[in-house]
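An overview of the molecular structure
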Amino acid sequence: MCKPGNHDRFDSLVNRLCCCFLFIAGMVLSSPVIVSHQAIQAAEIDETMPGTIPSQITADWEDQDGASSSNYATLAAQIVEALPDEFKTLYASKKASVTGDKNIYYLACHYRRVAKMKPYSDDIQTLIFAKHHNFGGFLVGYHDNAESMYSDDEWAAKGAICILNMKNYYSTHEYLLKNDKAVLRDPCISFDAQKVLYAMSGSSRGSGYKIYEMEIANPSNTKQLTTNPDGVVVSDFEPCYLPNGDIAFSSTRCFGMVDCAWNPTTNMFIMNGEGNYIRRVGFDQVHTFYPVLRDDGTLLYTRWEYNDRVLTNCMGLFYMNPDGTHQTEFYGNQSSWPYTKIHARPIPNSDKVICVGGGHHGPYSGELMIIDRSLGTNGKQSVQMIAPVRECKATVSKTDMSMGNVAFLFQTPLPLDEENFIVSWRKTETEKLYKLYFMDVDGKRELIAWDDQSLSQPVFVKARRTPPMPAVTANYADSMGEFTMQDVYVGAGMKNIKRGKAKKLRVVKLNYRVQGGSDGFTTQSGDQASGFVSAPVARFGASWESKTVLGETPIFPDGSASFKVPARTPVYFQVLDSNNYCIATMRSWSTLMPGEKFACVGCHESKLDAPPVGTVPMATEATDLENTLGVEDQYFDYRTFIQPIWDKNCISCHKAGHSSGIDLSGDLIASGDIAEKGFSASKRSWTRSYLSLTENSLNFFGGSSSAKVNYCTIFSPPEQQSPNSFGAVRSKLMSTLKAGHNDVLLTDKELGIIACWIDLCCPHAGYYNYYMNAADSAKYAKLENKRIAWEKIEAENLRALAKVAIAQDDYKIQRITKLSSKKIGITFLPKERSLVLNNAGDGKLLIVDLKGTVISSVNLSGKLTGSKLTISLPVTLAGGVYIARFEGVTGTHQRVISVTNR
């Protein structure tokens, strides 16, 4: 996928394509896969009505207008009345030579078509798009699994990359690349419009996709950029060119699995233009997919998550820098509808995006909408349903927990502006084929391309401005990142919490399960249809994921905190009170790249509000996390950390037959001996005390967590939850234990560990193969070896990348050599409101707020090399927390500064 450009003029001519056979990875693909077509001419599209108009187009006109022999003349008059004067004149000049009401109606339709499309002739003159089967199946996202139930339902080894050169407004497309034994998809055009990236499958379901790059003018010049690691099949697809020459793409190299199913997950990866230095930048629970480039050089994509909340409809839009830094919500991470926000593309010359709202299950398509983030990063007020224009639905009935209450009609829109777009569409869900249309927000359309398979993923073949490259701050020689929070009390997550209540911030790492394999372990037949990898590590709506507490950091009285975390690791945060009870939990996660310093304002604060103005935060330097409970840096396992407390203090009374009904015995019960309440066997044993404490009537459509242990369930809604609304602070178990139950007084540490377990949403197994039988545990370990093997390859890629010179040209190399022995840094003088740069060299000094907005920029010349330079902050700069960042030949250097008002 690749974002359309800003309509710069495409003034290069593309030579005539040649016919040839394509040799890839040592195999000859079937049939001549390169098909010749006429040269692309940078000339105006012919407006003349051709002698013959394709019947598919005339039929669509008649269908759209409700035309028949009885109303052709009336419709023609209505169409002409709405035409601009220029086309009314042209119509009048041709009408006398046309006979018959139907032909006169077609003449009017012709000028309506030209009037709509002519203003965009420079953009639509040449399009590339894909021809393939309809993507989708039981779940959204990646679909190329060998499993029958959770796969790409209509998978077919046939497709093409198509090119449409509009000599007139009825030109038909040709095949740039065609293959009858492979799926072809995901075209992305280079910034100079000379090359196209695409993904191609093997010849059978489950063979995976690989990424290729082809010269548009010379399709025989094609190179394969990605290959399978030794002994493993992966899928690499949805490539996107980046401003620095790198390529982002979706891939199953994360070796994860959809928690509630069997599908492999895809995360975001980056490689250079030659396919080298492949590294993972998305460390996400389920899918990240469909990356596109924004005008500011950042990458927009969809992220599916359900950490401690409902699995069906937490699929928001996120964005990141091209080096993987600054991964941040764009829209919809706390919105219930639409379930999925997919196929998003920025609208040119606008801050809005067009996207498809889809379902949790079903086809990879849905209904069309425009999102205006300036109206809010969550909620229906930011969503305008289009084609036709109508109000946002915003809600879904509890009986429609899978399909999302949408019609699966639209996919892969390509915006021209806020009113018009190219889109893949079908009229009804029963129609087999999606076709390409020129359409406006009211749904008025002009058919432009159709074939024997569905057509989708259109992109403009047009040179465009390369977006600016955000500063590269990822440093793969480092292994840590730093978070700085200005004031935890700011934001909806801590609404109405009095200052002073928040004492510490707990940092928790998520550990993702590994995907299944072809050894029968995750098949859909017999007793292998197990939840041993698709069930959570808990029961009764408790935690999906294995979790590791990394430690805690103090929250200063002013609400600030600053701490270090392992890079390339998904982590989330919990605000703790003086009892070590969770006030608010993140129910999402954040990931830093190596060396990244990420500053945020508060706890789920609005991303659109300016940072608060105040005094200097007390947390000025990032510190290591503290280990206070003794559970840190280990999988949080119930039998390791919780059961020993019951064994020591409780089981003399609380055993089978106790009047309370609470049995805290520590024996294991096999899953086959437990009533599953509609769930398949988990192939895991469970501790008796765990079942006794957590049992409840929770399901998708209602119920709550155990009355004894109040935890945030995996069916909690996506929207921001009020602080102190669940967890240890609301748990009857904690209040009973803290008061001293039957003269049993637990230590503060024991109470803290139990509270931590509840606030982690009551995991049982510390890891995914815990408490299985030996054979199943060994099978899981075998599957995990694939991920471990890839991580070793990726580690080598990162070591090689870390050795790459920061600068490439001789001048910069010389400058770095000259300055390498000198200390480079930024000093802040708060009283003087000034910055002191030491040995900076060529570059620019930026002042950036915590939202990432550049407040000021100062260019520095080479004359200042080696000097100590003092620069005053802008007099208009309001008090608050900012990042002072120098970007230059010596690299990127930055520090957090706290500015007071004059």
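How each quantity is defined
Residues numbered from 1 in each chain as written. Predicted model: local features only at pLDDT ≥ 70, side-chain atom pairs only at ≥ 80, totals over all residues. Heavy atoms only, no water. Helix = DSSP H or I, 4+ residues; strand = E, 2+ residues; numbered from the N terminus. Contact = heavy atoms within 4.5 Å. Areas by Shrake-Rupley, 256 points an atom, 1.4 Å probe, with all protein chains shown as cover. Pairing = 2+ DSSP bridges. Axes fitted to C-alpha atoms, helices over the stretch in contact; angles between N-to-C directions. Salt bridge = Lys/Arg side-chain N within 4 Å of Asp/Glu carboxyl O. Buried < 20%, exposed > 50% of the residue type's maximum accessible area, 1.4 Å probe, protein only. pLDDT = per-residue confidence, 0-100. Arc of directions from axis to C-beta.

Side note on the overall build of the protein chain
Counting secondary structure elements, the protein chain contains twelve helices and 44 strands. Considering only contacts in the protein chain between residues 6 or more positions apart, those separated by 24 or more positions represent 66%. Surface exposure of the protein chain reaches about 34,000 Å², of which carbon and sulfur atoms provide 51%.

Some words on the sheet that holds strand β25 (residues 420-425)
Strand order in this open sheet of four strands is β24-β25-β26-β27, and the pairing throughout is antiparallel. In this open sheet, the two edge strands, each paired with only one partner strand, are β24 (410-415) and β27 (445-449). Neighbouring strand axes in the sheet, compared pairwise and without regard to direction, differ in orientation by 30° on average. Here helix α1 (residues 55-65) sits on the sheet in contact with β26 (435-440) and β27, set at roughly 160° to β27. Relative to β27, helix α4 (residues 101-117) is tilted by about 85°, and along the sheet it contacts β26 and β27.

Points about the pattern of salt bridges
In this structure the tally under the stated criterion is 34 salt bridges. For Glu154, the salt bridge goes to Lys432, with nearest N and O atoms at 2.9 Å. Taken together, the positions of Glu154 in the loop between β4 (136-137) and β5 (159-165) and Lys432 in the loop between β25 and β26 put the pair 278 residues apart, joining distant regions of the chain. Here Glu154 falls in the partly exposed class, since its relative accessible area comes to 33%. Between Lys223 and Glu213 there is a salt bridge, with its nearest N and O atoms 3.6 Å apart. Here Lys223, found in strand β10 (residues 222-224), pairs with Glu213, found in strand β9 (residues 209-215); they are ten residues apart in sequence, far enough to count as distant. What emerges from the salt-bridge pattern is a single network uniting Asp60, Asp63, Lys427 and Arg445.

Overview of the confidence of the model for the protein chain
Mean pLDDT over the protein chain stands at 84; residues scoring 70 or higher make up 84%. The model gives residues 676-680 a pLDDT under 50, and that stretch makes nine contacts with residues more than four places away or in other chains. The low-confidence segment residues 805-821 (pLDDT under 50) makes 20 contacts with residues lying over four places distant or belonging to another chain.

Observations regarding helix α2 (residues 72-81)
Three or four residues apart is the spacing at which side chains of an α-helix point the same way, because the helix has 3.6 residues per turn. Buried residues of α2: Tyr72, Leu75, Ala76, Ile79 and Val80, and no others. Burial along α2 is one-sided: seen end-on, the buried residues are contained in an arc of 130°. Of the surrounding secondary structure, the elements contacted by the buried residues of α2 are α1, α3 (85-95) and α4.

A closer look at α1
Among the residues of α1, Ile57, Thr58, Asp60, Trp61 and Glu62 are the ones counted as buried. Of the surrounding secondary structure, the elements contacted by the buried residues of α1 are α2, α4, β26 and β27. Remark: Gly66 follows α1 within two positions and exhibits a positive phi of approximately 65°.

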